[in-house]
Structures are given as structure tokens and as C-alpha cells.
Amino acid sequence: MQQYSSLPDQKSLIDATPKLLTTIEQLRAQLWLESSLNQLQSRLNDCLLFACNTVPQPEAAQAEIFQTVVNEINSAIHSSNLALTECAVGIAMCQPQDTVATVCYVSRSPSPNSSPLFLEVLTAENKLLLRLQEVIKIEDLQQLENQQLPSAWRLADDSGSVIGWLILATTPLSSHHESFIESQAQLRSQLITRSAKCCTTALVQLRHILSWPQRCQQLSNSNQELERTNQLKNQFLANTSHEIRTPLSSIIGFTHLLLAPGYEPTKERQQEYLNIIQSSGKHLLALINDILDLSKIEANQLEVQWETVDVPLLCNNVLALVKEKAANKGLKLCLELEPDITTLVADPLRLKQMLLNLLFNALKFTTKGSVGLQVASKGVFVHFIVWDTGTGISQEDQVQLFQPYFQIAKAVADGIEGTGLGLAVTQKLAQIHGGSVKVESEMDRGSRFTLVLPLKQELRVGGDEGGEEDEEAGKAEFSSFPLSLTPSSSVEVLLVENDLPNANLMQIYLCKLGYQVTWVKNAAEMWEALTQLDPAVILMDVCLTDGNGLNLVQQLREHQQYQKIPVIVQTAMAMKGDRETCLNAGVNDYISKPIDLPLLASLVAKYSQAPTLVDEEQRSRGAEEQGSRGAEEQGSRGAEGKLQ
């Protein structure tokens with residue numbers, strides 16, 4: 001009978017012992033590796049935590065991480081049987097394009113009795129010392145990296161650029177240790193390779209931590225700016241509301257008075273009321289113009305038209321515009337003009353605007369004494385100095401004076417009107433001209449605003465500021481719909497206008513000039529009217545109740561019988577590019593609201609080839625208008641024609 005034993009035989013036990021010992025050694029080595037890396041990560045976390053809780057210098061925080069890495073690797077190696085001889089760990093730093101690296105960090109000696117860290121790093125034929133400030137060639141480090149038993153490992157940042165090298169230095173070993181060294185080399189390589197990754201990760205995290213204060217400061221600054229912007233917005237809305245309501249009150253009040261049953265004012269009184277209504281309307285338009293100008297400038301959409309400006313003539317014209325206001329306040333106006341200053345290259349409309357802004361401000365803050373304009377030459381620049389004997393401006397207010405919507409608190413308290421846009425627009429216009437605006441002021445001793453402009457400008461050709469040339473080019477773009485502007489026997493005008501008051505205004509004015517005006521309110525009525533009319537000109541509103549006026553123009557151009565009818569659009573769009581948009585849609589010309597009636601008459605006469613039937617006032621002002629200056633500027637700046 002065969003017997004079986006439950007115990008392994010002696011031979012089996014002998015064969016299994018080496019495998020068991022090998023497995024135990026592997027587990028022990030793996031445990032040591034993970035423990036060492038955990039210890040390193042813990043120390044690095046302490047460094048990062050310290051950086052979070054303090055505000056260290058970036059160089060000091062980075063140095064702490066590098067020193068921690070070399071010390072922990074050195075400690076881990078000496079706590080195991082990997083260090084059969086004296087050894088040390090160091091880091092040599094370099095820049096991405098450098099050919100050498102400098103040893104900046106070296107591990108501490110494992111014991112007080114250890115010799116100084118001058119251990120040799122073996123290369124093909126060289127022996128390199130691992131000590132502070134030692135310079136090592138990059139090619140030598142690459143040789144150390146590529147040896148069968150590496151002694152150098154790259155430290156790369158998150159972009160992959162090499163910022164340094166981890167170096168392990170050992171003394172030469174006797175030959176009987178070689179087999180053991182080979183068996184431990186892979187484990188040591190894993191330790192330093194993974195330590196290098198931990199170092200890189202810690203450096204990336206440190207950069208994020210160090211950027212937090214800067215980001216917090218940026219967020220704080222951004223929040224402060226948002227809060228300031230919100231305050232400015234509220235202040236602007238309050239000021240604008242006041243500025244709008246004041247003239248609106250006059251417009252509505254005097255209109256109500258004129259319409260009141262039983263009230264029959266004299267012709268002179270009626271004319272006075274109408275003048276007040278017109279003046280209030282111009283004030284509203286000026287406010288809107290300032291807002292639009294600032295928006296255009298900030299959006300880089302302001303058109304500048306360079307011309308040779310007659311300086312004495314422009315200065316006299318500007319002073320003539322403020323003369324009445326100065327006389328009403330009992331102030332003396334002065335003009336000092338150097339005789340050798342005759343012309344400069346600038347946008348005359350914008351130069352006039354800048355000087356008027358400065359002069360009106362001077363008059364606003366001056367109750368007695370004088371206000372003056374002095375023009376002086378300073379090299380290649382002209383200085384327009386507007387001075388006054390007014391209340392002056394404090395140093396604190398001068399800092400914010402050119403900020404949009406800023407108003408001096410004392411002026412607001414004293415009831416001085418304004419929106420805080422004039423000086424901001426003036427400064428930005430000066431910058432567009434290649435100049436600047438400076439202020440000098442003392443409390444109760446007056447102020448001096450100096451507008452500095454270059455005498456000459458490089459004339460723009462084909463740019464955004466092309467002026468008349470650009471405008472004519474824009475009209476030429478309509479060549480896809482060639483027009484035959486032969487004299488027409490018809491003076492029939494088809495007015496397509498959604499707004500009743502504007503329609504009445506244009507219809508009455510054009511009828512007074514001899515045109516036959518048919519008014520329709522929408523697209524459907526227009527198509528119906530065209531079946532019965534052969535208009536010489538179509539006046540088209542862009543915003544209609546049943547469609548877009550520009551789309552309607554495109555539909556007209558698709559019909560053969562309507563392709564040659566000139567179309568003039570009237571619109572409230574007044575920003576740069578709006579005119580080009582209209583021309584590209586197939587229109588012949590463009591006029592912005594509020595409608596400049598003499599300009600409207602001129603355009604209708606031009607495209608209908610009818611006689612220019614305008615009143616005397618239109619003829620007197622027609623020569624001084626700037627022709628093709630553009631409907632945008634005409635609509636927003638001029639238009640002082642009156643309907644008699």
C-alpha cells in the first residue's frame with residue numbers, strides 16, 4: 001500500500017528557499033523606495049506649505065526645494081545598503097542654452113566625521129569634483145547620464161526645458177562589490193528618477209503659489225477698478241440725467257406754452273421761445289456728440305481729416321463763439337498770437353472742438369477777471385494755452401481731471417453743469433494728433449491748460465482717416481449699380497419714414513422748396529406707391545416697422561426698373577463704418593439724424609438734378625459747410641438752418 005506524506009521533501013525545501021529570499025528582498029527594496037519617496041514628498045509639502053503661509057522670495061523658496069531634494073536623497077541612500085562607500089548628492093543649475101552647469105546645492109555629510117564633499121564623479125577620462133560653485137560641462141553631464149550606471153539625471157520644468165542636473169557622486173569601489181552594485185543600480189536609479197519628478201512637480205506648484213499674491217493683487221486692483229467704474233457710471237448717469245432733463249424741461253415747457261389754448265404770444269416772444277427750444281436741442285445734441293466722440297475714440301473708430309489750418313482765422317472764430325458767454329459773465333477775452341504762427345496740419349473741426357472745450361471750461365470756472373488764448377511756437381510744436389483767473393484746481397483733482405466722467409466735487413456742489421467728458425475727449429483728441437494736454441493751476445489763482453500739437457502731420461493716404469478721398473471712394477463702390485444722373489423732369493420725392501415727426505419735418509421742408517413729397521410709413525406702402533409713382537429720389541429710413549431699410553434697398557436694386565433711382569438713407573446710426581455699410585447696401589448717400597435740413601435739400605437737389613431751391617439762410621451757410629465732410633459729422637456738428 002502506497003503512503004503519502006504531507007510534508008515536502010528535503011530537496012523541495014532547498015530549492016524554494018532562494019526564491020522566497022529573493023521575493024522578500026524585492027519587497028523590502030520596494031518598501032524602502034516608496035518610504036523614501038513618501039518622506040521626500042512630505043518634506044517638499046512642508047516647503048510648499050511654508051511658502052503658502054509666508055511671502056518668501058522666489059529664489060529662497062526654490063533654493064529650499066532643491067536643498068531638500070538633495071538632502072532627502074542622500075539620507076535615503078545612506079539609510080540603506082545602497083551606499084557601500086561614501087557618496088553625496090548635488091544639483092548643478094543651468095540655463096536652457098548654457099554649455100556649462102554650476103553646482104549650487106550639495107547634500108550634508110552623513111556624519112560629523114565624514115570628509116568634505118569632494119567626491120569624484122567618473123567620466124570617460126575626467127574626474128569631476130562635486131562641490132559648491134564647481135563648473136561642469138553639459139557634455140560631461142550627458143556622458144554621466146548615458147553611462148551604464150548613470151550618475152546624472154536631468155531636472156526639467158513643465159515645458160521640458162532642462163533647468164539643472166541631479167548628480168550622485170561616489171568614491172571608487174573595490175572589484176568584489178561590482179556584482180552587488182549592479183544589482184542595486186536599478187533601484188537607486190528609480191529613486192533619483194522619481195525624486196527628479198517630485199522636484200519638478202514641487203517647482204511647478206511653487207510657481208503657482210508664488211503667483212497667488214500677484215493674482216490676488218491683480219484681482220484686488222481689478223475689483224477696485226470695477227468699483228471705480230461703477231461709481232463713475234453712476235455719477236455719469238446722474239450727471240447725464242441732469243444734463244438731459246434740463247434742456248428737455250425747456251423744450252417741453254416752452255412747447256407746451258406755445259400750444260396752450262388761449263395763449264397767443266407776440267411774434268417777438270414766440271421767436272424767443274423758439275430760440276430757447278432750438279438752443280436746448282443743440283445742448284442735447286452736444287451732449288450726445290461728446291458721448292459718441294468718446295466711444296469712437298476708445299473703439300479706435302474716430303475719423304480724422306488732415307488739412308492745413310489757418311491758425312489766426314480759426315482762433316478768432318473760436319473766440320467769436322465764446323464771446324457772448326464771456327460778455328454775459330462780465331469777463332474779458334484775450335488773444336495772444338505769435339506773428340510767425342500761420343498754419344499747422346490738423347483736423348480743423350477737432351482742433352476747434354478741443355479749443356472750445358478748454359475755453360468753455362475756463363469760462364465756467366471764472367466769475368471775474370479774464371479768460372485768454374495764447375498761441376506760441378515751441379520748436380516743431382505749437383502750444384495753445386487757455387488761461388483764466390478763476391477758482392483754480394486742487395492738486396488732488398488735477399490727478400483725475402482727464403478721467404472720463406470725472407467732475408470736481410466743489411463744482412458739483414456749486415451747481416456748475418457738466419458731464420465730465422469734455423477734458424477726457426480733448427486729451428484723447430490731442431493724443432490722436434500726436435500731442436498732449438497739460439494743466440497748471442493754483443487754488444483761487446486761476447488755471448492754465450496747454451494743448452501741445454505738432455506743426456506737421458504725416459498725411460494719411462488710403463487709411464482709416466482718409467476723409468474726403470475715402471468718402472468719394474465709398475461712393476464709387478456703388479459702381480455695381482451705375483446711375484444715370486441725367487436731368488429729370490420729375491421732382492417727385494418718395495419719403496419712406498417710420499417716425500411721424502421726422503416725416504412731417506422733411507415733408508414740410510421739401511415741399512416748401514418746391515418738391516412733391518409722397519410719404520409712406522413702411523415697406524408695403526413703398527412697393528404700392530412705386531406702382532403709381534416715378535420718383536426722382538427715394539428717402540429711406542433704415543429702421544422700419546416691417547423690415548430693415550438697407551435690405552429694402554437691396555431688394556430695389558434687384559428690380560431693373562428701380563436700379564437707377566437714387567436712394568438717400570436717413571438714420572440715427574452715426575458711428576464709423578455705418579456710412580460704408582449703407583453704401584455697400586446700394587444706397588447713393590447717407591444723412592444722420594438729427595436731420596440737417598439744408599444738407600438734406602442739397603442732397604435731394606444733387607441726385608434729382610432739380611434746381612437747388614433753398615432759402616437765403618441755406619445759401620449763406622452752404623459755402624462754409626465742408627462739402628463731403630461726411631454725413632456723420634454734418635449730422636452731429638452743424639445743422640443750424642431754420643425753417644422760416
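Residues numbered from 1 in each chain as written. Predicted model: local features only at pLDDT ≥ 70, side-chain atom pairs only at ≥ 80, totals over all residues. Heavy atoms only, no water.

So, about the pairing of strand β6 (residues 152-156). Where β6 meets strand β7 (residues 162-170), five bridges bridge the pair, whose relative direction is antiparallel. Along β7, the bridge assignment pairs W153 with L166. Hairpin connection between β6 and β7: a loop of five residues separates the two successive antiparallel strands, and G160 in this loop has a positive phi of roughly 95 degrees. (Pairing = 2+ DSSP bridges. Helix = DSSP H or I, 4+ residues; strand = E, 2+ residues; numbered from the N terminus.)

If you walk across this open sheet you meet the five strands as β5-β2-β1-β7-β6, and the pairing is antiparallel. The open sheet has two edge strands, β5 (135-137) and β6, and neither has a second partner. Neighbour-to-neighbour, the strand axes of this sheet turn through a mean angle of 35 degrees, independent of strand direction. In this sheet, β7 lies alongside strand β1 (residues 87-93) in antiparallel orientation, the contact comprising seven bridges. Within β7, the position partnered with G90 by the bridge is I167. Together, β1, β2 (100-106), β6 and β7 form the strand contacts of helix α2 (residues 58-78), whose direction differs from that of β1 by roughly 155 degrees. Lying over the sheet, helix α3 (residues 138-146) contacts β2, β5, β6 and β7, oriented at roughly 70 degrees with respect to β5. (Axes fitted to C-alpha atoms, helices over the stretch in contact; angles between N-to-C directions. Contact = heavy atoms within 4.5 Å.)

Here helix α12 (residues 500-512) crosses helix α16 (residues 597-608) at 60 degrees, and the two axes come no closer than 11 Å. Considering the angle they form, α12 stands oblique to α16. Taken as a pair, α12 and α16 cross one another with a handedness that is right-handed. Each of L505, M506, Y509 and L510 in α12 lies in contact with α16, whose residues at this interface are L597, P598, L600, A601 and V604. (Parallel < 35°, antiparallel > 145°, perpendicular 65-115°, else oblique. Left-handed = near helix turned anticlockwise from the far one by under 90°.)

Turning next to the packing of aromatic side chains. Tallying each qualifying case throughout the model produces four aromatic pairs. Plain terms: the ring middles of F402 and F449 are 6.5 Å apart, the flat faces sit at 75 degrees to each other, and that makes the pair edge-to-face. In this pair, F402 sits in the loop between α8 (395-400) and α9 (409-413) while F449 sits in strand β14 (residues 447-454), placing the two residues 47 residues apart along the sequence. Per residue, the accessibility class of F402 equals that of F449, and both read buried. An angle of 50 degrees between the planes, with centres 6.0 Å apart, marks the rings of W527 and Y562 as tilted. With W527 in helix α13 (residues 523-530) and Y562 in the loop between α14 (549-557) and β20 (567-571), this residue pair connects regions lying 35 residues apart in the sequence. (Phe/Tyr/Trp six-rings, centres within 6.5 Å; stacked < 30°, edge-to-face > 60°. Buried < 20%, exposed > 50% of the residue type's maximum accessible area, 1.4 Å probe, protein only.)

A few words on helix α10 (residues 422-432). An α-helical turn contains 3.6 residues, so a residue and the one three or four places further along point in the same direction. L423, A424, V425, T426, L429 and A430 are the residues of α10 that are buried. Structurally, α10 contributes buried residues whose contacts are with α5 (267-298), α7 (348-364), β13 (436-441) and β14. Positive backbone phi, at 80 degrees, marks G434, one or two positions downstream of α10.

Considering the arrangement of structural elements, one finds I277 in helix α5. Under the relative-accessibility criterion, I277 is labelled buried at 18%. Taking the C-alpha atoms as reference, I277 lies 4.8 Å from I251; in sequence the two are 26 residues apart. Excluding residues within four positions of it along the chain, I277 makes contact with I251, F254, T255 and L258.

Here the focus is the nonpolar core. Core analysis: the largest hydrophobic core is formed by 48 residues, its most contacted members being L351, F384, L401, F449 and L451. Looking at which element gives the most residues to this core, the answer is α7, with eight residues. In contact with L401, other than residues within four places in its own chain, are I393, F406, I408, L423, V439 and F449. Ranked by size, the runner-up nonpolar core spans 36 residues in total, among them W32, A51, I73 and V89. (Core = buried A, V, L, I, M, F, W, Y, C linked by side-chain atoms within 4.5 Å.)

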